[in-house]
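Listed below are the residues making up each chain.
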Amino acid sequence: MNDYTACDATELAARVRRGEVRPIELVEKAISSIEAVNPVLNAVMHPMYDSARAAARDLPDGPFRGVPMVVKDFDGFVKGEPFTAGTRFLEGFVPDHDSEALARLRRAGLIFVAKTNLPELAILGTTEGRLKGPARNPWNPEHSSGGSSGGSAALVAARAVPLGHGGDGGGSLRIPASACGLVGFKTTRGRVTMAPDAGEGWGGYVSWGCLARSVRDAAALIDVMAGPGAGDPYSVPPLERPLAEEVGAPPGRLRVAFTSGSLFGKATHPEAKAAVESAARLLSELGHEVEEARPEFDRERLVRAYLTQIAAGVAVEIEEMGRWVGRKPSPAYFEPATWFLFQIGRHLSAAELQQAHDAAQAAGRSLAAFFSRYDLLVTPTLAYPPVRLGELALKTIEKAALATLRAIPAGPALRAILSQLAGTSLERTPNTQLFNQTGQPAVSLPLHQTADGLPVGVQFAARYAEDGLLMRVASQIEAARPWKDRLPRIVAA
């Protein structure tokens, strides 16, 4: 089909239903598109072309029947396909089952054509891992596609596929969405199950979801993924109706707070400020009540809690991965920063982890009070435009410090280094983590571009469980300021 790159997933599925195109044709188009752009983008971790062709011959009659998509090499298992999590440690590991959320995608008729590149263990906000190398931004390949779902974002933005799977534990959907000019939707905590292999990720911070080019695709894909699994530790109020039905529905007159300030950092780039201020004006023009305001919380306590939880989560993940592959973890398998987090996580006290939980829960109550006054909070998704590759990489002196200390038990000195190393990253990506800690839904929309054509996203956060409200207002904004015709420099033919 000649206009494949112009169609979102909803349109492609409609054409399959009408008999205008066959699933195998879409698979072949996706494969040729990936092959055309990937030599520049380096977004693929593992191609799944043969299994995709086989799947196209016998598909369930779901809402996305015949639509190709890519799957991040993390955030759930795909049966019979290598699972690397971006690390050499898992070399040779192949799961024997699908995670339930990914099985739901298959039952919806979606076809997985590739697994995508990510930073090691999905830790960083830029995809520049040692295992596969950097995933490049299709708007400018000298810049990062973001992280941790950077490979998925690069291929969706380049129009190679209409949808990308990913997860978000600190912004890992919204960060690459902002960097690549996409819709990145983090659902309410517990909206999408992690069954059967996990109850939660990173102490409840992680939500699985998607990257899309349209709001309607994001809504419909979460409809497919959403729902509890047996034994899930969280119970979120069910959606009042499918999210796809929220798209285009009037949101009503909303009370909107906006801030161009940095939530966990210190500064905001003028382009990010301009993006939020423009979004605030648009919301006012659409009839909403808009004012500048931001929630109050203990920033230092929350940053410390975030770093504590991530270190604990990484330690648990690595120990569990060791059981999968029957190998003992050692620094030879991991990047220095990952191994450093592992060392920190192994030596944290139970009291420190509980303090992190308490801090996140206190923030949840504080934001609940804030959202009793406002329906939405609008911020820059990132505090800066997409970073250049290498900009967030560890400097030589930092690598040396980690190499020296990586086998030493954690203590105050190591935690101080951890905070210092995290400072650089959080300064660029400071606005997403809060909503992972509180469990609230948030979406990044591609509403702005810099003078040199780089995307800048705007983040919209709502009350806990109000995913539907986010989809209503996101679709209203998309209709008022559409972005579907913007094309990056690297785009599939």
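Use the structure listed above.
Read on for an overview of the structure. (Residues numbered from 1 in each chain as written. Predicted model: local features only at pLDDT ≥ 70, side-chain atom pairs only at ≥ 80, totals over all residues. Heavy atoms only, no water.)

Secondary structure summary: the protein chain contains 16 helices and 15 strands in total. Against the 2.2 N^0.38 benchmark of 23 Å for 493 residues, the protein chain shows a C-alpha radius of gyration of 21 Å, consistent with a compact globule. Counting only C-alpha atoms and orienting by the principal axes, one finds that the protein chain spans roughly 65 × 55 × 45 Å. Looking at the protein chain residue by residue over its 493 residues, the buried ones come to 62%. In the protein chain, of all internal contacts separated by at least 6 residues, the share reaching a separation of at least 24 is 80%. Total accessible area on the protein chain stands at roughly 18,200 Å², and carbon and sulfur atoms take up 51% of it. Charged side chains of the protein chain number 53 positive and 53 negative; the gap between the two group centres comes to 2 Å. (Helix = DSSP H or I, 4+ residues; strand = E, 2+ residues; numbered from the N terminus. Rg over C-alpha atoms; globule rule 2.2 N^0.38 Å. Buried < 20%, exposed > 50% of the residue type's maximum accessible area, 1.4 Å probe, protein only. Contact = heavy atoms within 4.5 Å. Areas by Shrake-Rupley, 256 points an atom, 1.4 Å probe, with all protein chains shown as cover. Lys, Arg positive; Asp, Glu negative; His and termini not counted. Charge placed at Lys NZ, Arg CZ, Asp CG, Glu CD.)

With that settled, consider the nonpolar core. I34, F64, L445 and F460 are the most contacted members of the largest nonpolar core, which totals 149 residues. Element by element, the count of residues in this core is highest for helix α10 (residues 299-325), at 13 residues. The contact partners of F460, leaving out residues within four places of it in the chain, are L283, L377, V378, P441, A442, V443, L445, L447, L470 and I477. (Core = buried A, V, L, I, M, F, W, Y, C linked by side-chain atoms within 4.5 Å.)

A word on the pairing of strand β9 (residues 183-186). Residue alternation in β9 divides its side chains into two sets, V183 and F185 and G184 and K186, and both sets are buried. Relative to strand β10 (residues 207-212), β9 runs antiparallel, the two being bridged by three bridges. Across the sheet, the residue bridging to V183 is A212, located in β10. In this sheet, strand β14 (residues 442-449) lies alongside β9 in antiparallel orientation, the contact comprising three bridges. Of the residues in β14, the one forming a bridge with G184 is S444. (Pairing = 2+ DSSP bridges.)

We now examine helix α5 (residues 150-157). Here α5 lies mainly inside the structure; eight of its eight residues are buried. Burial in α5 covers these residues: G150, G151, S152, A153, A154, L155, V156 and A157. Of the residues one or two after α5, R159 is the one with positive phi, at around 65 degrees.

Looking now at the packing of aromatic side chains. One pair of aromatic rings is described through two measures. These are the centre distance and the angle between the planes. On inspection of all chains with the given rule, the structure shows 15 aromatic pairs. Ring centres of Y205 and Y306 lie 5.9 Å apart, and the angle between their planes is 0 degrees; on these two criteria the pair is classed as stacked. Of the two residues, Y205 is situated in the loop between β9 and β10 and Y306 in helix α10; the sequence distance between them amounts to 101 residues. Like Y306, Y205 is buried. (Phe/Tyr/Trp six-rings, centres within 6.5 Å; stacked < 30°, edge-to-face > 60°.)

The next thing to look at is the environment of S475. Along the chain, S475 turns up in helix α16 (residues 467-480). Look at S475 and you get buried, because its relative accessible area is 8%. In this structure S475 touches V215, E246, V247 and G248, once residues within four positions along its chain are discounted. A distance of 2.9 Å separates a polar side-chain atom of S475 from the backbone oxygen of R472. (Polar contact = N/O pair within 3.5 Å; in protein donor to acceptor, adjacent residues only side chain to side chain.)

The values reported here are purely geometric and, on their own, carry no functional implication.
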